[in-house]
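One letter stands for each residue in the lines below.
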Amino acid sequence: MSATTDPDHPLVADLTARLATTRLVTLTGPAGVGKTHLAARVAQAVELPVHQADLAACGDAALVPHAVAASLHAAATPGPDPTDVVLRLLAGRRGLLVLDTCEHVRSGCAYLVGRLHDHCPRLQILTTSRSPLGVPGEQTVAVSPLPSERTVELLREKAEVHGVALSSFWSRMLAERLDGDPLSVLLASRSLRATEPQRLYGSLCTPGERFDVLIHGPSEPARHRTLLNAIDWSYDLCGRAERLLWAKLSSFTGSFTGDQVNTVFTGGAELAALVDASVVLREDSGTYRLPLAHREYGQVRLAGLGGPWVRAAGSDC
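Rules behind the numbers
- Sequence order sets the numbering: in each chain, residues are counted from 1 along the sequence as written.
- It should be noted that, the model being predicted, local features are given only for residues of pLDDT at least 70 and side-chain atom pairs only at 80 or more, the latter also being counted only at that level, while totals for whole chains, interfaces and linings use all residues.
- To get the side-chain values, take all heavy atoms of the structure and skip hydrogens and water.
- Runs of H or I in DSSP of at least four residues are treated as helices and runs of E of at least two as strands, each being numbered from the N terminus.
- Within these notes, the globule rule equals 2.2 Å times the number of residues to the 0.38 power, and the radius of gyration is based on C-alpha atoms.
- We call a residue buried when its accessible area falls under 20% of the maximum for its residue type, exposed when it is over 50%, and partly exposed in between, using a 1.4 Å probe and counting protein chains only.
- Pairs of residues are marked as contacts when any of their non-hydrogen atoms sit within 4.5 Å.
- When a carboxyl oxygen of Asp or Glu lies within 4 Å of a side-chain nitrogen of Lys or Arg, that pair is called a salt bridge.
- The pairing test for Phe, Tyr and Trp rings, Trp by its six-membered ring, is centres within 6.5 Å, and the orientation test on the planes gives stacked under 30 degrees, edge-to-face over 60, and tilted for anything in between.
- Our definition puts a charge over a ring when NZ of Lys or CZ of Arg is within 6 Å of the ring centre and also within 35 degrees of the ring normal.

## Here we look at the overall build of the protein
The helix and strand inventory of the protein stands at 16 helices and seven strands. Taking 317 residues into account, the globule formula puts the C-alpha radius of gyration at 20 Å, and the protein, at 20 Å, falls close to it. Each of the three principal axes of the protein carries a C-alpha extent, and together these read 55 × 45 × 35 Å. Going through the 317 residues of the protein one by one, you find that 50% of them count as buried. Across the protein, the fraction of contacts at a sequence separation of at least 24, relative to all contacts at a separation of at least 6, is 69%.

## Considering the pattern of salt bridges
Following the criterion strictly, the structure yields 12 salt bridges and no others. The closest approach of N and O atoms between R172 and E149, which form a salt bridge, is 2.9 Å. In this pair, R172 sits in helix 7 (residues 168–178) while E149 sits in helix 6 (residues 148–161), placing the two residues 23 residues apart along the sequence. Judged by its relative accessible area of 41%, R172 falls in the partly exposed class. Overall, E149 belongs to the partly exposed group, its relative accessible area being 43%. With its nearest N and O atoms 3.8 Å apart, the salt bridge here joins R301 to D232.

## Let's talk about the packing of aromatic side chains
Using the criterion set out here, one finds nine aromatic pairs in the structure. When the ring of F252 is compared with that of F265, the centres are 5.9 Å apart and the planes differ by 80°; the resulting orientation is edge-to-face. With F252 in the loop between helix 12 (240–249) and helix 13 (258–264) and F265 in the loop between helix 13 and helix 14 (268–276), the pair connects residues that are 13 residues apart, well separated along the chain. We classify F265 as buried; its relative accessible area is 17%. An aromatic cluster is defined as three or more aromatic residues linked by ring pairs; in this entry it consists of F211, Y235, W246 and Y297. Between the NZ or CZ atom of R223 and the centre of the ring of W233, over which it lies, the distance is 5.5 Å.

## Some remarks on the environment of H224
Tracing the sequence through the fold places H224 in the loop between helix 10 (210–213) and helix 11 (227–237). For H224, a relative accessible area of 19% translates into the label buried. With 15 residues separating them in the primary sequence, H224 and E209 have C-alpha atoms 17 Å apart. With sequence-adjacent residues up to four places away left out, H224 is seen in contact with G32, L183, L187, G217, P218 and A230.

See below:
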């Protein structure tokens, strides 16, 4: 896309300027909102050497420096602090380090990023995570769902790539049920190769069925192969109390306030944790909302009903 039509362009310019001054920015946001895509755009825009590490497959926080060292074509030697190897590799270097998908190994990322920020003054660091890292000097930028008109445009563009000429009417009807989620738009456009728009719309309007039809994502990353995978990833990172509140909050049909949550569910601390994890979104009005897919996911968990994908819903909520 050209700079004049790409909706990310103003944010890319803003992020490039922020990195030049603060040196540490974390992109936060819910599953599938486009954090990885935006980080890649920033990496293309900066006039710096770029080092990138995808941490999605890193299964332990202690292995973060090993994964980053491998991305730099080196090996973190055994020892009490393998971070020292990464520090030596990047010390004195001018460049941008992009750490993608940090939320599941947040403590390891926070430690490494904090050390790099302190010891590598010429290095800029951009991370993506559903939760902030909590490192001194970190600036967080929340990546928001797409506005309605852009959702319509993107859906028609993606459908056209798959040979589907989507009418203006069905573009708008479907976009309304996709709630500005770029991953859902991508999966819906792929579903339209074999499914009529009205049938897909009916599935999106039936609670829980979106997880049965939004399933044709790319093989990598695996968490984006289906919408369910993407939201499962967030659910699995939540503690038991946060999972329970997530399910309960799905009973709200729209926005809600913190006072309502505390009055009905007495879950102030858990609400803050869900906001921190980008499961619940804070609105400009000071209210909160669950994105539509997260709300339907919570409703199925709360009911203990649904398709075969529901894993022991009655027990771990």
